[in-house]
Each structure stands twice: as structure tokens, then as C-alpha cells.
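Each chain, letter by letter, is given below.
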Amino acid sequence: LRKSFHHEAITSSRQDSENDIEIDCPKLATLITGTLNQVGGMKLDDPVNGLQSRFLFYLFDNIPRFKDVSPYGSVDNKFNFSSLGVQYEKIYEYLRLTEHEFILSKQQWNMFNKWYQLKMNTIVKDHNIYASSLIARMAISSFRLLMILSTLRSFEGKMPGIPIGCSDKDMLIC
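Residues numbered from 1 in each chain as written. Predicted model: local features only at pLDDT ≥ 70, side-chain atom pairs only at ≥ 80, totals over all residues. Heavy atoms only, no water.

### Structural notes on the packing of helix H4 (residues 106-126) against helix H5 (residues 132-156)
Running from N to C, H4 and H5 cross one another at 155 degrees; their axes reach a closest spacing of 9 Å. Taken together, the axes of H4 and H5 lie roughly antiparallel to each other. When you trace H4 past H5, the crossing you get is right-handed. Taking contact as the criterion, the partners of Trp109, Phe112, Tyr116, Lys119, Met120, Ile123 and Val124 in H4 are, on H5, Ser132, Ile135, Ala136, Met138, Ala139, Ser142, Phe143 and Leu146. Split by residue class, the contact of H4 with H5 holds 12 nonpolar, two polar and one charged. (Axes fitted to C-alpha atoms, helices over the stretch in contact; angles between N-to-C directions. Helix = DSSP H or I, 4+ residues; strand = E, 2+ residues; numbered from the N terminus. Parallel < 35°, antiparallel > 145°, perpendicular 65-115°, else oblique. Left-handed = near helix turned anticlockwise from the far one by under 90°. Contact = heavy atoms within 4.5 Å. Nonpolar A, V, L, I, M, F, W, Y, C, P; charged D, E, K, R; others polar.)

See below:
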């Protein structure tokens, strides 16, 4: 997980095996759901080992409701997932067929760098130098989210063109 976050090569070899494994540029997406206690059981709370900062967490309070799971219910998950699959395939083809470049304006780069420099200074001053790597990886994750949002908007036609620019709204979101 640690190496795949930075797309670093992964190798695995065993003395008694003829099948060495090499992945030159791993790309991994992981989705884990659960309660805070369940996710906490994964031992992600140690900033020194660096695993926690390779995940983004989305927390929300869910209002419990009874869900109709009968065949007569109003949600057709098969249709919903099929429809989403078609949409994602179009996005995939859009990205696969053309090379894209993502850019930020000089003002956006300044905002991004100032924000994370402030966070880095604060975490080092208030905690310890080991926690600084959390901020560095948070910046990488934010940048990746900027690229994803901007690419989706480009695909939707709201910001057409190559290179793909980032809106100030998306900059503030990430």
C-alpha cells in the first residue's frame, strides 16, 4: 500500500519460488467502509508508519431508516449500476484515447503551496517532525482530487480543452 501510493515499483521474490513478481508502476484504488471502530482496528492511527496518510476518510452521520429490500421496492440497483458503468466507460475512453495535461495557474499554485506550507509549519511546531509526512501526502491527495474533479468537468463540457485547467471553485473544494 505504501509503495503503490507513490506508484513506486513493487517486487517480490522468494528463495523457493521461480515466480518473482514485479509491478513497475502500480496503481491501486481501495475503498473501505465501516464504523470508526472497525477502521480503527486496521492500526492506521500511528503517524510514524505512514499508512494512515495514504487514505482519505469520508465521515458522515447516517440517519437510520428501514430499507425496503423486497423485490417490489423502488430502487433498481441493477439498473443504477449498469447506468453508472456506461457513464464510467465513456469517461475511461475519453481519457484513454487522448493524452491530457493538467495545469494550475500561477495564482492557484501559490495558494496551494502557501496552504500546505502553513499546515506543514503548524504540524511540525505543534506535534513533531514525523507528522510532517502526513501533510506532504495530504497535499498529494488534494492534488489528485483536483485532477479528478477538473477532468470530470472537462469531460462534461463545462471546462473543455487540453490542457485541463482547474476552476477556483474546485481549488477551494480540495
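### Observations regarding the pattern of salt bridges
The tally for this structure, following the rule as stated, stands at two salt bridges. Close ionic contact of Glu93 with Arg96 constitutes a salt bridge, the shortest N to O distance being 2.8 Å. On the criterion of helical spacing, the pair formed by Glu93 and Arg96 is a turn pair, its members being three residues apart in helix H3 (residues 77-97). With its nearest N and O atoms 2.7 Å apart, the salt bridge here joins Arg153 to Asp170. With Arg153 in helix H5 and Asp170 in helix H6 (residues 168-173), this residue pair connects regions lying 17 residues apart in the sequence. One exposure class covers both Arg153 and Asp170, and it is buried. (Salt bridge = Lys/Arg side-chain N within 4 Å of Asp/Glu carboxyl O. Buried < 20%, exposed > 50% of the residue type's maximum accessible area, 1.4 Å probe, protein only.)

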